[in-house]
Amino acid sequence: MENKIKANNNILELIGKTPLVKLNKITENFTGDFYAKVEAFNPGHSSKDRIAIHIIEEAEKKGILTEGSTIIETTSGNTGFSIAMVSIIKGYKCILAVSSKSSADKIDMLRSMGAEVYVCPAHVSADDPRSYYQVAKRLHSETKNSIYINQYFNELNMDAHYRSTGPEIWEQTAGQITHLVACSGTGGTISGTARYLKEQNPNIKIIGVDAYGSVLKKYHETGNLDTNEIYPYRIEGLGKNLIPSATDFQIIDEFIKVTDAESAHTAREISRTEGIFVGYTSGAAMQAVKQLDELGTFDKDSKVVVIFPDHGSRYMSKIYSDQWMDDQGFLEANPVEAKQEIQF
Ligand code: PMP
């Protein structure tokens, strides 16, 4: 036995190289083979670890960040957690400006990871000095040696996935991938991954998943931002009410929209059938795959990769709470599952 300790030097070394897992039961009656890229295997439990480390290390290379510097972002979600995690190991201060709509659980989670969290009023417009955008901008301009991650408008977001997620999927599928199905929020994941994959094989179809209530699909089809498309929806991290420059709309072949209710049920179904405990947007991505299969998009030789962005544990008080599902009217929408819930 070799007497060398096999340990990672720190938690950041575990970012990326996430597994690709074949889906079996949920896709039983579908045409083609289906594989999930399970991003919850990142140490921060989501794909956002990839962008956090990449953006921070690029700033280090440029000499903008040095020990004790400050990293600022406007997010209560996965990106905040990932930035906080990277900041701990690298010795930076992490400031997150979040909306007062964010749940107490999320704010506590970010503070547990050492972040300084500014809770800003949700009801004010984006240009109000009290809004989380303006608070972040002000803190950035007032703080020497700070960076503002600004994930929706940062080209390094896409670049992180071009350098990691894309090559991993190409290698894991031995170049046989025919379709990529991925949620689009900032668009970094789908755009960067697609750019790498299409460079290897331009015939690979890239399908973006959008929410009803978001402008992305319509913008892709018309080139116009249609504000009539905007209304509130439940899925977090998917879709947007503005056009992010971190999305390369040219490289995406089509967008498909999914509902809050079906995405929530599909996430629960993935957990129950495949034993992969996934977040809400994984349900959305899989729901898109279901719809695409019904539309006859795939054939028997299709090798479809679907990205599962994060872990189910972040949604215990939402999609995995029967009470929450009932309050949304989602159980009524699916009588089969509603019946099962009563039997439990
Ligand atoms: N799912 C979840 C849970 C997310 O937090 C995000 C990021 N907003 C996405 C999907 C979409 O990823 P991207 O921002 O790279 O488009």
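Use the structure listed above.
So, here is what we can say about the structure in this document. What you see is a predicted model, and the numbers here were worked out from it, not measured in a lab.

A look at the overall build of the chain
Of the regular secondary structure elements, the chain holds 12 helices and 10 strands. By residue count, 54% of the 344 residues in the chain fall in the buried class. When the accessible surface of the chain is summed, it comes to about 16,100 Å², and 49% of that surface belongs to carbon and sulfur atoms. Distance between charge centres in the chain, computed from 36 positive and 45 negative side chains, equals 3 Å.

Examining the sheet that holds strand S1 (residues 20-22)
Taken in spatial order, the six strands make up an open sheet running S1-S2-S10-S7-S8-S9, and their pairing is mixed. The sheet is open, and its two edges are formed by S1 and strand S9 (254-258), each paired on a single side. Going across the sheet, the axis of each strand differs from the next one's by a mean of 25°, ignoring polarity. Bridging between strand S2 (residues 33-38) and strand S10 (residues 303-308) involves six bridges; their strand directions are parallel. Paired with aspartate 33 across the bridge in S10 is lysine 303. Helix-sheet contacts for helix H6 (residues 165-172) involve S1, S2, strand S7 (179-183) and S10, and the interaxial angle to S2 is about 140°.

Some details on the sheet that holds strand S3 (residues 70-73)
One key point about sheets: their strands pair by backbone hydrogen bonds, in either a parallel or an antiparallel sense. With parallel pairing, four strands are arranged side by side in an open sheet as S5-S4-S3-S6. This sheet does not close on itself; its edge strands, each paired only once, are strand S5 (116-120) and strand S6 (146-148). Strand-to-strand, the axes of this sheet are offset by a mean angle of 20°, without reference to chain direction. Alignment of S3 against strand S4 (residues 93-99), held across four bridges, turns out to be parallel. When the bridges of S4 are listed, glutamate 73 appears paired with leucine 96.

As for the packing of aromatic side chains
In this description, an aromatic ring pair is defined by two values, namely the gap between the centres and the angle between the planes. Under the definition given, this model contains nine aromatic pairs. Put simply, the rings of Phe30, Phe34 and Phe298 touch in pairs and so form one group of aromatic residues. Sitting over the ring of tyrosine 152, lysine 240 keeps its end group 4.2 Å from the ring centre. The lysine or arginine in question, arginine 314, covers the ring of phenylalanine 81, its NZ or CZ lying 4.5 Å from the ring centre.

Quick look at the pattern of salt bridges
Going through the model one piece at a time under the given rule, you end up with 22 salt bridges. Taking the shortest distance from any N to any O, the salt bridge between aspartate 33 and lysine 303 comes out at 3.2 Å. Taken together, the residues span a long stretch of sequence, with aspartate 33 in strand S2 and lysine 303 in strand S10 at a distance of 270 residues. By relative accessible area, lysine 303 is classed as buried at 19%. Lysine 257 is the partner of glutamate 229 in a salt bridge, and the nearest nitrogen-oxygen pair spans 3.1 Å. Residue glutamate 229 is found in the loop between helix H8 (216-222) and S9, and its partner lysine 257 is found in strand S9; the two are separated by 28 residues along the sequence.

Here's the deal with the site of the ligand
What surrounds the ligand is a group of 14 residues, the closest being Gly185, Thr186, Gly187, Thr189 and Thr281. At 2.6 Å, a side-chain N or O of threonine 186 approaches an oxygen atom of the ligand. One of the backbone N or O atoms of glycine 237 is found 3.2 Å from a nitrogen atom in the ligand. Protein contact buries 94% of the 380 Å² of open area that the ligand shows by itself. Partitioned by chemical class, the residues of the shell around the ligand number three nonpolar, nine polar and two charged.

Considering a nonpolar patch on the surface
Together, Ile11, Leu14, Ile88 and Ile89 make up an exposed nonpolar region whose accessible area comes to about 320 Å². Structurally, isoleucine 89 can be placed in helix H2 (residues 78-90).

Overview of the nonpolar core
Formed by 40 residues in total, the largest nonpolar core has its most connected members in Leu23, Val181, Val209, Met286, Val306, Phe308 and Ile319. Elements supplying a minimum of two residues to this core: S2, S7, strand S8 (205-211), S9, helix H9 (260-274), helix H10 (280-294), S10 and helix H11 (322-327). Contacts of phenylalanine 308, omitting those with residues within four sequence positions, involve Leu23, Ala36, Lys37, Val38, Glu39, Ala40, Ile270, Ile276, Val278, Ser282 and Met286. The next biggest cluster of nonpolar side chains, apart from the first, holds 27 residues, and it includes Ile56, Phe81, Val86 and Val117.

Describing the side chain of serine 302
With respect to the helices and strands, serine 302 occurs in the loop between H10 and S10. Within the local environment of serine 302, its side chain forms a polar contact with the backbone nitrogen of aspartate 299, the two atoms lying 2.9 Å apart. If sequence neighbours within four positions are ignored, serine 302 has contacts with Gly32, Asp33, Thr178 and His179.

What about the packing of helix H5 (residues 155-163) against helix H7 (residues 188-200)?
Contact pair H5 / H7: the axes reach a minimum separation of 7 Å and the direction vectors enclose 45°. Looking at the two axes, H5 sits oblique to H7. The interaxial crossing formed by H5 with H7 has right-handed handedness. Seen from H5, the contacting residues are Asn157, Met158, His161 and Tyr162; seen from H7, they are Gly188, Thr189, Ser191, Gly192, Thr193, Arg195, Tyr196 and Glu199.

Calculation notes
Residues numbered from 1 in each chain as written. Predicted model: local features only at pLDDT ≥ 70, side-chain atom pairs only at ≥ 80, totals over all residues. Heavy atoms only, no water. Helix = DSSP H or I, 4+ residues; strand = E, 2+ residues; numbered from the N terminus. Buried < 20%, exposed > 50% of the residue type's maximum accessible area, 1.4 Å probe, protein only. Areas by Shrake-Rupley, 256 points an atom, 1.4 Å probe, with all protein chains shown as cover. Lys, Arg positive; Asp, Glu negative; His and termini not counted. Charge placed at Lys NZ, Arg CZ, Asp CG, Glu CD. Pairing = 2+ DSSP bridges. Axes fitted to C-alpha atoms, helices over the stretch in contact; angles between N-to-C directions. Contact = heavy atoms within 4.5 Å. Phe/Tyr/Trp six-rings, centres within 6.5 Å; stacked < 30°, edge-to-face > 60°. Lys NZ or Arg CZ within 6 Å of the ring centre and 35° of its normal. Salt bridge = Lys/Arg side-chain N within 4 Å of Asp/Glu carboxyl O. Near = heavy atom within 4 Å. Polar contact = N/O pair within 3.5 Å; in protein donor to acceptor, adjacent residues only side chain to side chain. Nonpolar A, V, L, I, M, F, W, Y, C, P; charged D, E, K, R; others polar. Patch = residues over 30% accessible without salt bridge, like charges linked within 9 Å, V, L, I, M, F, W, Y side chains within 5 Å. Core = buried A, V, L, I, M, F, W, Y, C linked by side-chain atoms within 4.5 Å. Parallel < 35°, antiparallel > 145°, perpendicular 65-115°, else oblique. Left-handed = near helix turned anticlockwise from the far one by under 90°.

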